Amino acid sequence: MSRDSPQPSVSIVMPTFNRMEFLPATVESVLAQTIEQWELIIADDGSDRETLDYLESLTRDARIRLLRLEHSGNAGAARNAGIAAARAPLVAFLDSDDIWAPSKLERQLAVLRANPGCLWSYTAFVMIDAEGAPLASERTRRWTPHDGEIFLQTVRTTASLRPSSVLASTAFVREAGAYDETIDCSEDYDLWLRLALRSPVCVVDEPLIRVRRHSSNPKRRAGGPHLARDYSLRKIAAQLDGTQQRRLLAEERSRNALGLARAFAVHGQPWRSVVTVSKSLPLGWKYPHWWYGAAKELARACIRGRRGEAQ
């Protein structure tokens, strides 16, 4: 961005790696925004020559900057590079296969200005496939807008947040520690927990994002998201003094442990499922739902184990 360029209102951080199939549509959705005072920071995680040629061509627009990074496969690290480079007082996140509605930034800026006590906001979204058509599951997916103090809903994931829907104070994100680079999945959940603990949120109850799901989305190891989630819950519990919040986190860790046990059983690791259930006993024994869930997962592990022996 040239020295003569006006100060942007929003820094848009977009990490990417070899996504030429989807990149042009994503970038076009930024260029189509109804406000023009933005900068797009593309944090490229070591893409191939074709992708780099395209990304470099975009920098003819003075509002677009390209950060060329060595490939790490760590989305949090790429996003942090963009956050560190941000010049605007607000930062928005955009995955390089998602699409914004033209009024996305305008609507969120308006709601933040109308609610100065909120340091961040998010919007509703629609899930689409590689061709851009809504997923069949969208017909039954429930959406409940949660605003204000949403720490509880964030912990329990009843607040549906997607990276491309979030706009926040840049200083606020930096002070909260930005993305935790030690985890390779569920890093967004980890950040939302810290933001929700520190500030109320404003929601724009409109589907201003199209979140794409396709075959080239990253594949996660068995139980990876649950292990990362437990790490995040343990980490934030260590920062809390309030008994009620610590109990909430302990209960959620017990639920998460049952999900981890299920993931191990489904992926043909019944013994790890049994071990996970047993290790969660100190957390879960006081909750009736845990006993029911533990019995269910132990039964599942036994059935899977017998099937494996039969084969």
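This section reports on the structure supplied with the text.

Analysis parameters
Sequence positions are assigned chain by chain, starting from 1 and proceeding in written order. This being a predicted model, a pLDDT of at least 70 is required before a residue's local features are given, and a value of 80 or more before pairs of side-chain atoms are given or counted; all residues contribute to the totals for chains, interfaces and linings. With hydrogens and water excluded, all non-hydrogen atoms of the structure serve as input to the side-chain values. Comment: elements are numbered from the N terminus, with helices defined as DSSP H or I runs of at least four residues and strands as E runs of at least two. In this setup the radius of gyration rests on C-alpha atoms only. A globule is expected at 2.2 Å times the number of residues raised to 0.38. Using a 1.4 Å probe, accessible areas were evaluated by the Shrake-Rupley method; residue-level cover was limited to the displayed protein chains. Counted as positive: Lys and Arg. Counted as negative: Asp and Glu. His and the chain ends are not counted at all. Charge placement uses NZ in Lys and CZ in Arg. For Asp and Glu, CG and CD serve respectively. Burial classification: accessible surface area is computed with a 1.4 Å probe over protein chains only, and a residue below 20% of its type maximum counts as buried, one above 50% as exposed, and the rest as partly exposed. Each pair of strands is called paired provided DSSP finds at least two bridges between the two strands. Orientation is described by lines fitted to C-alpha atoms, with helices fitted over the stretch in contact, and by angles between N-to-C directions that extend from 0 to 180 degrees. Oblique is the label for any angle not covered by the other classes, which are roughly parallel (under 35 degrees), roughly antiparallel (over 145) and roughly perpendicular (65 to 115). When the near helix sits turned anticlockwise from the far one by under a right angle, the crossing is termed left-handed; a clockwise turn instead gives a right-handed crossing. The contact criterion used is simple: two residues touch if any of their non-hydrogen atoms lie within 4.5 Å. Counted as salt bridges are all cases of a side-chain nitrogen of Lys or Arg within 4 Å of a carboxyl oxygen of Asp or Glu. Two rings belonging to Phe, Tyr or Trp (six-membered ring only in the last case) form a pair when the distance between their centres is within 6.5 Å. Interplanar angles under 30 degrees mark stacking, angles over 60 mark edge-to-face geometry, and anything in between is tilted. For a lysine, the NZ atom is tested; for an arginine, the CZ atom; a charge sits over a ring if that atom is within 6 Å of the ring centre and within 35 degrees of the ring normal. Pairing of N or O atoms within 3.5 Å defines a polar contact, subject to two protein rules: one partner must be a possible hydrogen donor and the other a possible acceptor, and residues neighboring in sequence count only if both atoms are side-chain atoms. Patches here: salt-bridge-free residues with over 30% relative accessible area, like charges joined within 9 Å, nonpolar side chains (Val, Leu, Ile, Met, Phe, Trp, Tyr) joined within 5 Å.

Regarding the overall build of the protein chain
A tally of regular secondary structure across the protein chain gives 12 helices and 8 strands. For the protein chain, whose C-alpha radius of gyration is 21 Å, the value lies close to the compact-globule estimate of 19 Å for 311 residues. Counting only C-alpha atoms and orienting by the principal axes, one finds that the protein chain spans roughly 65 × 45 × 35 Å. For the protein chain, the exposed surface amounts to about 15,000 Å²; the carbon and sulfur share of it is 52%. Across the protein chain, 42 positive and 37 negative side-chain charges occur, with their mean positions spaced 8 Å apart.

So, the pairing of strand β4 (residues 90–93)
Each regular strand shows side chains that alternate between the opposite faces of the sheet. With burial as the criterion, each face of β4 is covered, one bearing L90 and A92 and the other bearing V91 and F93. With 4 bridges connecting them, strand β1 (residues 10–16) and β4 associate as parallel partners. Along β4, the bridge assignment pairs V10 with L90. As paired strands, β4 and strand β7 (residues 167–169) are joined by 3 bridges and run antiparallel to one another. Pairing of A92 across the sheet is with L167, part of β7.

Observations concerning the packing of helix α7 (residues 187–198) against helix α8 (residues 224–237)
Relative orientation of the contacting elements α7 and α8 amounts to 25 degrees, with a least axis distance of 9 Å. Looking at the two axes, α7 sits roughly parallel to α8. For the crossing formed where α7 meets α8, the hand is right-handed. Facing Y189, D190, L193, R194 and L197 of α7, the residues of α8 in contact are R229, Y231, S232, L233, K235 and I236.

Some details on the pattern of salt bridges
Summed over all chains, the structure comprises 22 salt bridges. Between E206 and R107 there is a salt bridge, with its nearest N and O atoms 2.5 Å apart. Placement of the pair is E206 in strand β8 (residues 201–212) and R107 in helix α4 (residues 104–114), with a sequence separation of 99 residues. Look at R107 and you get partly exposed, because its relative accessible area is 31%. Several salt bridges share partner residues, and in doing so they unite R49, D53, E56 and R68 into one network.

What to know about the packing of aromatic side chains
Under the criterion given, the structure shown has 5 aromatic pairs. Ring geometry for Y122 and W143: centres 6.1 Å apart, planes at 70 degrees, overall edge-to-face. Of this pair, Y122 sits in strand β6 (residues 120–128) while W143 sits in the loop between β6 and α5 (151–155), and the two are 21 residues apart along the sequence. A residue is classified by how much of its surface remains accessible, and Y122, at 0% relative accessible area, is buried. Ring plane angle 80 degrees and centroid distance 6.0 Å describe the contact between F125 and W143, whose orientation is recorded as edge-to-face. You can see F125 sitting in strand β6 and its partner W143 sitting in the loop between β6 and α5, a full 18 residues away along the chain. Residue F125 is classed as buried on the basis of its relative accessible area, which comes to 4%. For W143, a relative accessible area of 23% translates into the label partly exposed. Each member of the aromatic cluster is reached from another via a ring pair, and the members are Y122, F125 and W143. Here K104 stacks its cationic end above the ring of W100, 4.3 Å away from the centre of that ring.

Looking at the side chain of E297
Along the chain, E297 turns up in helix α12 (residues 288–310). Here the side chain of E297 touches R300 through a polar contact of 2.9 Å, side chain to side chain. Beyond its immediate stretch of four places on either side in the chain, E297 contacts L258, A261, R262, S273 and V277.

Focus: the environment of P116
By the secondary structure assignment, P116 is in the loop between α4 and β6. Taking the C-alpha atoms as reference, P116 lies 9.8 Å from C202; in sequence the two are 86 residues apart.

Digging into a nonpolar patch on the surface
A surface patch of nonpolar side chains, amounting to about 350 Å² of accessible area, comprises L281, W285 and W291. Checked against the element boundaries, W285 lands in the loop between α11 (281–284) and α12.

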